[in-house]
Amino acid sequence: MSSDADSLKAKIDPKSVPLHIAIIMDGNGRWAKKRNFPRTAGHEAGVEAVREVVKAAAEVGIKYLTLYTFSVENWKRPREEVTAIMRLLTRTTKREVDELNRNNVRLITTGRIEGLSPTRRRVLAVATAKTKKNTGLVLNLALNYGGRSEIIDAVKAIASSVKSGLINPLDINEELFANYLYTAGLPDPDLLVRTSGEKRLSNFLLWQTSYTELYITDVLWPDFGRMELFAAIIDYQGRERRFGKI
Ligand code: FPP
């Protein structure tokens, strides 16, 4: 059956799909409010969007997909909401491991994972171990993530390597620095998508987005799906990336 999404998919140039897409999934609360639902219902609907987008990204050959799932600032939300998001994360991770394997998706995480409860950490560790050998899409969940904390953690680790004589301060360059970030080994995002209209980075991948193309849509995260992802990729493919050159 052909659909609007399929006709958009046909417009994607398979030779220049972004290697790495990062997404700020915003608008779950507003989606729920519009329907007079509790905010948690918005997050539940957001999980469905995650499932659809992961599949669609794999389908068009995206190699890395990073989702801003929980920020270091998100702990400041009401306790019930934090618990609901964490429960949803654990429940979904457990439930979807087999599906990730069926789709050849490898799950990894980025952030201060040690700040999550031991139970949550265990579920994530099991899922990352079970999907470790998959060679398709790498699904990177940014959890307890903050761009500034990431940079601070890198600086601390570098300082300690300098102190113990492992590295010479003169050898510190961009490549070395990037290797001390949580995202060491991952390419920088080519495309950053933010849903629900806000035009800011919100402490997400501050170092890594230096040359990333930004795509902002008014669509609320639970309404974002296969078609919206394809539209973002097509928009990206119309950009000219110069990396500071002319
Ligand atoms: C932003 O909407 C959404 C979040 C902070 C949570 C995102 C989490 C999920 C979609 C569930 C995670 C599950 C998996 C498996 C990745 P908001 O609450 O900030 O919306 P608002 O700005 O409209 O209030």
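Structural notes, computed from the coordinates. All of these numbers come straight from a predicted model, not from anything done at the bench.

**Let's talk about the environment of F37**
Phase 1: In this fold, F37 is placed in the loop between α2 (28-34) and α3 (39-59).
Phase 2: Using a relative accessible area of 42% as the deciding quantity, one classes F37 as partly exposed.

**Considerations on the packing of aromatic side chains**
Phase 1: Applying the stated criterion across every chain yields a total of 9 aromatic pairs.
Phase 2: Aromatic side chains Y145 and Y182 sit 6.0 Å apart centroid to centroid with 80 degrees between the ring planes, which places their arrangement in the edge-to-face category. Of the two residues, Y145 is situated in strand β4 (residues 138-145) and Y182 in the loop between α7 (174-178) and β5 (191-194); the sequence distance between them amounts to 37 residues.
Phase 3: The class for Y145 is buried, based on a relative accessible area of 0%.
Phase 4: On the basis of relative accessibility, which here comes to 23%, the residue Y182 falls in the partly exposed class.
Phase 5: Aromatic pair Y211 and F243: ring centres 5.7 Å apart, planes at 50 degrees, arrangement tilted. In this pair, Y211 is assigned in the loop between β5 and β6 (213-216) and F243 in the segment after α8 (226-237), connecting sequence segments 32 residues apart.
Phase 6: Its relative accessible area of 49% is what places Y211 among the partly exposed residues.
Phase 7: Three or more aromatic residues joined by ring pairs form one cluster here, namely Y68, Y145, Y182 and F204.

**Describing the pairing of strand β1 (residues 20-24)**
Phase 1: A large share of β1 lies buried, amounting to 5 of its 5 residues.
Phase 2: Going residue by residue along β1, you find H20, A22 and I24 tucked away on one face and I21 and I23 tucked away on the opposite face as well.
Phase 3: With 5 bridges joining them, β1 and strand β2 (residues 64-71) adopt parallel strand pairing. Within β2, the residue paired with A22 across the bridge is T66.
Phase 4: With 4 bridges connecting them, β1 and β5 associate as parallel partners. Across the sheet, residue I24 finds its bridge partner in β5, namely R194.

**Details of the pairing of β2**
Phase 1: Of all 8 residues in β2, 7 are buried; the element is thus mostly enclosed.
Phase 2: In terms of strand pairing, β2 meets β4 through 7 bridges, oriented parallel. For S71, the partnering residue across the bridge sits in β4 and is Y145.

Each value, and the rule that gives it
Per chain, residue numbering runs from 1 following the sequence as it is written. For a predicted model such as this one, the threshold for reporting local features is a pLDDT of at least 70, and the threshold for listing and counting side-chain atom pairs is 80 or more; totals across whole chains, interfaces and linings nevertheless cover every residue. Only hydrogens and water are set aside; all other atoms, that is, all heavy atoms of the structure, feed into the side-chain values. The secondary structure listing takes helices from DSSP runs of H or I that are at least 4 residues long and strands from runs of E that are at least 2 residues long, numbered from the N terminus. Only protein chains enter the accessibility calculation, which uses a 1.4 Å probe. A residue is then buried if its area is under 20% of the maximum for its type, exposed if over 50%, and partly exposed in between. Note on aromatic contacts: the rings of Phe and Tyr and the six-membered ring of Trp form a pair at centre separations within 6.5 Å, being stacked when their planes are under 30 degrees apart, edge-to-face when over 60 apart, and tilted otherwise. For two strands to be treated as a pair, DSSP must find no fewer than two bridges joining them.

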